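Descriptive analysis of the structure
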2 protein chains.
Amino acid sequence: MTKKFVYKFSEGNASMRNLLGGKGANLAEMTVLELPVPRGFTVTTEACTKYYDDEKTIDPDIKSEIFNNLKDLEKTTKKTLGSVENPLLVSVRSGARASMPGMMDTILNLGLNDEVVKSFAKLTNNPRFAYDSYRRFIQMFSDVVVELDKARFEEIIDQMKESRKIKLDTEFTAEDLQEMIKKFKAFFKEIKGYDFPQDPKEQLIQAVEAVFRSWDNPRANVYRKMNEIPYSWGTAVNVQEMVFGNMGDDSGTGVAFTRSPSTGEDKLFGEFLINAQGEDVVAGIRTPMHIDKLAEVMPAVYKEFTNIAQRLEKHYHDMQDMEFTIEKGKLFMLQTRNGKRTANAALRIAVEMVKENMITQKQALLSIDPKQLDSLLHPRFDDAKIANIKPLGSGLPASPGAATGQVVFNANDAVKWKEAGKKIILVRLETSPEDIEGMNAAQGILTVRGGMTSHAAVVARGMGVCCVAGAGEIKMDEVGKNFELGGLNIKEGDWISLDGSTGNIYKDKLPTQKASLSGDLAKVMRWADNYRELSVRANAETVPDARQALEFGAEGIGLCRTEHMFFGADRIKTMREMIIASSLEERQIALDKLLPLQRGDFEELFTIMEGRSVTIRLLDPPLHEFLPHDKEGMEILAGDLKMPYKDVADRISSLKEINPMMGFRGCRLSVKYPEITRMQIRAIIEAALNLQAKKITVVPEIMIPLIGSKKELDYVKDLVITQANETIMERKTKLNYFVGSMIEIPKACVIADELAEQAEFFSFGTNDLTQLGFGFSRDDAAMFLESYYDKKIFESDPFEKLDQEGIGPLVQMAVDKAKQTKKDIKLGICGEHGGDPSSIEFFHLAGLDYVSCSPFRVPVARLAAAQSALRNPRNKFVESLIEAGNI
Amino acid sequence: MTKKFVYKFSEGNASMRNLLGGKGANLAEMTVLELPVPRGFTVTTEACTKYYDDEKTIDPDIKSEIFNNLKDLEKTTKKTLGSVENPLLVSVRSGARASMPGMMDTILNLGLNDEVVKSFAKLTNNPRFAYDSYRRFIQMFSDVVVELDKARFEEIIDQMKESRKIKLDTEFTAEDLQEMIKKFKAFFKEIKGYDFPQDPKEQLIQAVEAVFRSWDNPRANVYRKMNEIPYSWGTAVNVQEMVFGNMGDDSGTGVAFTRSPSTGEDKLFGEFLINAQGEDVVAGIRTPMHIDKLAEVMPAVYKEFTNIAQRLEKHYHDMQDMEFTIEKGKLFMLQTRNGKRTANAALRIAVEMVKENMITQKQALLSIDPKQLDSLLHPRFDDAKIANIKPLGSGLPASPGAATGQVVFNANDAVKWKEAGKKIILVRLETSPEDIEGMNAAQGILTVRGGMTSHAAVVARGMGVCCVAGAGEIKMDEVGKNFELGGLNIKEGDWISLDGSTGNIYKDKLPTQKASLSGDLAKVMRWADNYRELSVRANAETVPDARQALEFGAEGIGLCRTEHMFFGADRIKTMREMIIASSLEERQIALDKLLPLQRGDFEELFTIMEGRSVTIRLLDPPLHEFLPHDKEGMEILAGDLKMPYKDVADRISSLKEINPMMGFRGCRLSVKYPEITRMQIRAIIEAALNLQAKKITVVPEIMIPLIGSKKELDYVKDLVITQANETIMERKTKLNYFVGSMIEIPKACVIADELAEQAEFFSFGTNDLTQLGFGFSRDDAAMFLESYYDKKIFESDPFEKLDQEGIGPLVQMAVDKAKQTKKDIKLGICGEHGGDPSSIEFFHLAGLDYVSCSPFRVPVARLAAAQSALRNPRNKFVESLIEAGNI
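What comes next is a walk through the structure. (Residues numbered from 1 in each chain as written. Chains lettered and ligands numbered in written order. Predicted model: local features only at pLDDT ≥ 70, side-chain atom pairs only at ≥ 80, totals over all residues. Heavy atoms only, no water.)

This next bit is on the overall build of chain A. Tallying secondary structure elements over chain A gives 36 helices and 31 strands in all. For 887 residues, the compact-globule formula gives about 29 Å, and the C-alpha radius of gyration of chain A, at 32 Å, lands near that figure. Across the 887 residues in chain A, those meeting the buried criterion constitute 58%. In chain A, the share of contacts with a sequence separation of at least 24, taken over all contacts with a separation of at least 6, comes to 68%. For chain A, the exposed area adds up to about 35400 Å²; of that, 50% sits on carbon and sulfur atoms. Within chain A, one finds 115 positive and 129 negative side-chain charges whose respective centroids are separated by 2 Å. (Helix = DSSP H or I, 4+ residues; strand = E, 2+ residues; numbered from the N terminus. Rg over C-alpha atoms; globule rule 2.2 N^0.38 Å. Buried < 20%, exposed > 50% of the residue type's maximum accessible area, 1.4 Å probe, protein only. Contact = heavy atoms within 4.5 Å. Areas by Shrake-Rupley, 256 points an atom, 1.4 Å probe, with all protein chains shown as cover. Lys, Arg positive; Asp, Glu negative; His and termini not counted. Charge placed at Lys NZ, Arg CZ, Asp CG, Glu CD.)

What follows is the structure, encoded as structure tokens:
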């Protein structure tokens, strides 16, 4: 075996994070910096993946390597594992590439057994401490390594407290603890059938294996999925000499941040406990003291610690999160890492460190997690004010933001109440496309069923409306217009509040505050704009969305979904009249009524966008989405249209589809009903001309959805151009406009070279491309996706994060083919992935020109685009040379 | 202009079909062979496509080229167009690459005008003939070139007949005809506002343009779609000196085939009319004589003609379809082409010509249209017996074959009546997956709605059951169990007969005859097998299908759809119990009941297939397809399962999907319910072991459907192998088996290299790949596809003929990637395209190992595979050299 699977701390450094895990790499780095770190070694993450590859066995060669390193550790520390003269005790701790705090297992005090504990008692001159250490070890080992029921040990302790009439663990005497150890060991033998292992080497190997195993425990799996940490990474294991914070009042343990992780303030922030081990801090029985207090209690240690903290921050160029232990007045560093922080803290730290010249603007930009910004960009509850309010219950945080309003139970009511000037929360079992109007009228949406990619969640995120989805605890009575939650009955009209960032549901009206781009965030955004190579646009069609998009720095609209414009109360009836029409003439009458409304929408949008790019997508959804499907709705429609009910019902039924996602929609509507497209084009062009007359330059980008073949694009583009030019000619003027297509059908990627002959731009619709490329419907995937996560077939939701195994290559193929035909074709993406940082990095690398996302995601996208460019500059210089023909 | 757009007949030959069209190329060939062909020239198909490219104008240069050729023709014939001394008259005829009989326009006698007709009357010494020719010319020109209403000319003729009290056209005198000409011209001027064109050159150019235009007429478009002739080909135009078969009793015209086009008998077959022009034959007013009669009437001409016929057949190595005219005792050949023929004739001619050493086996194989065979492979009505029976009505010929049976109106009745020993025809408004059991019980299926790719059509073709779909004339009363058609009311239990090859619906019971592979067909199939490089398997899961497949020469089963096995009356209940189960335990109980049934199915299938390959696909459709969706069905199910109705209804509703095609199906079922897969694997393996015990070697090929990612395949393959090996171990024996996957999701094509690491074979599911690749659902596409055909966006149905623009490249990508990983991976295709000749050619070229199709398509596929190999041999020799490392 030539590969090295174990590294002494002195052999590693901070750059070896992938191999040694975060904790191991930083322990090594601190060792190399000659900081006071207890000595030890790290079993690598590769040993862990090998453990899983070898069907959960540790290779004998790796075991020898561990024992060889143990021998070296014994030499360095001049202590020996299992020795009764001078026993070495060690901790065994997990440490993955990415921090996964508390998700995996730790064993302390390893090396103790019935004999060693006796001499340890003598050597420390503290029998109580020694036996306490041993009983803690037995508990941890039994829990972590052999998975005995923790609660049973607590029961034994409680029984002993009762019989001794004491309340606190600390009141146990050394003798009590010896008896407790006996009871623990007896219980161990009773359950396992063999004695508690006395051989420290066996203890060690079992502990290492247990840490490896804990990589695959359920909470680790959940955490990884939430944080998109690949299962394949594995964890390292750190074996380190024990130091004890619980050896008296000159000992202690604590954690500290070099700056405040919640506000970012540049001030040491942390807490410590005197005479305690790390687990006591976690247990929360004793209240720790603020780190400042250490200056009073142990001034020398405090000084040493603050020096180390400053040194580490400067060394790592980032705010540090440190663990330390003081053993009999001597400080030991047990961990340092870049500290987790709130979005606000991240911004402030970044800005201030740049001011301090500790980091560059580029480093500052790379230090902020773009996803975190999301929480700053929506209306929020005042954290301080809601801290003490218990939520009624919770659901999935499906669309961030805070909302407060009066409960309504259907979309019609939502619209009516909104029109009456009320703020409302729409509560539904689940939503469907028919609810869109009501969803748009709501401050927030609450559903009982459905996951993070349910209709409600997707639409709400697109609208930037707060949504809590899948709140399964709710007992719903939609017809009776009330629901039960947290023991309360909530009726129509009652006030509730939703936190879409946490999923919490509150009773009553809670005050919210609006988000804005100011202060540190604004500064960071300006920096980001200096470095990014991708433009950032927003998906928007309403006036508030367009305003929000501009406020957040969108450079244009990348997707205006014209169908959303037809759901308004003043137009849905006409839209339905148009759809129900049985002849071209009837349809044209309805279209003539829709024309001025649609033209007005575009005029508003163009006015707000003041000459910026606006990409308008022609009508996309299947027509039945605009129609009522319940008897009552159909009756009303029949009345409105003065038609027999049966005719209306028949027409609606004839539009029903088995697979609407793959049905009669997108450009297929233009092919069958070119008159609809002609109306939309006329509206777009007339609006642009009207603005042009007011000296506002508008260059509309007309986008054809769902294109799948060259002749289809030929046909629809011809339709568009003929109508557009006719409309321009009518005014005897000129107007620039572009015609492009969505790329969202797998076949379109294959023939992108041909499509590029006609299209002036492409915009990737990665939502549909993902659905078709994977062959699963977003609406239905919930039925089986959970099993896919459980079985680690999927590690992330392909609708949130672009799949780079199969969908990415289709996008790349289309980009390459398109550029073969038309080198400077404008390429964008307007699916939900346009707001996801890892997907943005892909789009940057793939060579797109812009991403378009929900207005609330625009700052996230600006930062993610800057980070992508900083990590992988496209090397514009070389490109320009090639273009100029100099290469 | 360097390109040549006009060719004299003497400049062309038969190989120039693409440029000169079929008629032009063959006229040229006959000219070169020095047969008696009236002189002329051909305006090329390229001139036609240029005409369309130039927005329907003829380029001036092409016009000059036409006039130059006209001058040469005038020199050769010593006649001049428009001359009153020696006038040249010409015909102007269309002629495309592929024969499109009667679809485009023809103009005869061009060159006549008011002056020329007078001298023509003198020169022919036949004024009646001359004026008759002129009035025919005016009629044709007015119809074809300026599109006047034909009927109005007939009215004028009828009025004149009435006033003259005559009945036949031939009774008009020369004077009558002169008056008629005046009336025609007056009518022309009245409608068009200008005089009938007198300039013959103008007539000529207008006629050429009219022929070009007729390429795009509605009947030509329909014919092209039916025959898959690309719109882009265009037609050529033949300008040829007129010869006249109507110059007296020493003149005539006729058509003849060198062998019988209906039986293939080696005997001149045809008919002729004395003193007539071609259009008189078509008009059918006079009854033509059998060609043999010509030997009596004009023995010398007959002899010359039979000599020419034999010479042409030998020259072309194929049966010829000829047109000829006799002008005053002189024979002129006007056309020859390979004759269309029935399937039986095609086989007989091929076999006999090989026997006569006129063609080789390879040529024989290439001379037969594989699609034609289809009509021979299903039960048929006796053509002679039904010739005089008028059908009640007709629908689309959705699945070929003949069926006769008693009418039932729902699937349940179909099953019951079948069990009672009755033959039934299932008549439905449209079918859905719930009807499958009933469809399987039926002799034939008749639907009122739905097209060639409707559910009924697709399933029926798969089952090889006769189906007439979309018979819209039917007035249906499903509840009352009767329908009206052709003025009759047909009630439940009445006998009807369906011809799935013509779409005809007959009253009463008509005798059918079974198809078999014998005689010439069997011989041709044996030849085909010698040349093809693709194996041919069948899609089959029932005993009759498997037997039929073997009878038709299938080499194995390429797709056994296990879901079809669960629809039987003895198992659907247990299947439903399994699906409704709310816990693993309940589900396992139902699965235990299904196991022996499923095992039995496989034993039967393996027994029939006697060691041939059998590819078994694991359960594929969404579970809700097995469940009742109507209240009554759910109530019965609740009773069967002894469950509350509400629970059953809730569970069924929870399985409902918005886009079931992209839903919870295929291997997704295996991931969520591995126990279902385990049951299926156990059934397959135990069945194979049971046969092995009887010394029948079975190597099951287990196929996982809907695979979309590597980890998914890892998981399901592991599940399969673990269960399979466990089952084999239980018997303490050994068994070979293969595990492979469907490739039917676009993403699977992209990652085929990774999938090939795990899969031992791939089978392309081109049905789903087409749906997902195009992004449209086969069930819903009917809503817009018609518009796509009308607007020439699509020219063929991508579900019938593999789309080679976008889907073909995905298949090719997957093939290439798969072979990169595993050079000898077995590759097949089991979508409906497996039985389509043009798609088979693609699969051959793509490098697949086999195609699998409906049993009734197996002979079609065998022939198509042979033709593919003959046209494009894969050059196995070179391949073997490469493999051996010698290249």
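In screw terms, the move from chain B to chain A is a rotation of 180° and a rise of 0.1 Å along the axis, fitting with an RMSD of 0.1 Å. Taken together, the turn and the small shift mark the pair as related by a two-fold rotation axis. Relative to the rotation axis, the closest C-alpha in chain B is found at N659 of chain B, a distance of 2.1 Å. Most of the interface of chain B is mirrored in chain A, where 100% of its interface residues again form contacts. (Least-squares fit on C-alpha atoms with pLDDT ≥ 70 in both.)

Applying the stated rule across the entire model yields 62 aromatic pairs over all chains. For the pair F153 of chain A and F187 of chain A, a centre-to-centre distance of 5.3 Å together with 85° between the ring planes defines the contact as edge-to-face. Here the residue F153 of chain A occupies a position in helix 6 (residues 150-164), and F187 of chain A occupies one in helix 7 (residues 174-192), the gap between them amounting to 34 residues. No difference in accessibility class separates F153 of chain A from F187 of chain A, as the two residues are buried. Measuring from ring centre to ring centre gives 5.3 Å for Y51 of chain B and Y52 of chain B, while their planes differ by 80°; the resulting arrangement is edge-to-face. On the accessibility criterion, Y52 of chain B (17% relative accessible area) is buried. (Phe/Tyr/Trp six-rings, centres within 6.5 Å; stacked < 30°, edge-to-face > 60°.)

With that settled, the discussion passes to the side chain of K23 of chain A. All names here are of chain A. Residue position: K23 is located in helix 1 (residues 17-32). Buried charged residue K23 carries no salt bridge. Nearest counter-charge: E323, at 4.8 Å. Setting aside residues no more than four positions away along its own chain, K23 makes contact with R93, S94, G95, N238 and Q335. (Salt bridge = Lys/Arg side-chain N within 4 Å of Asp/Glu carboxyl O.)

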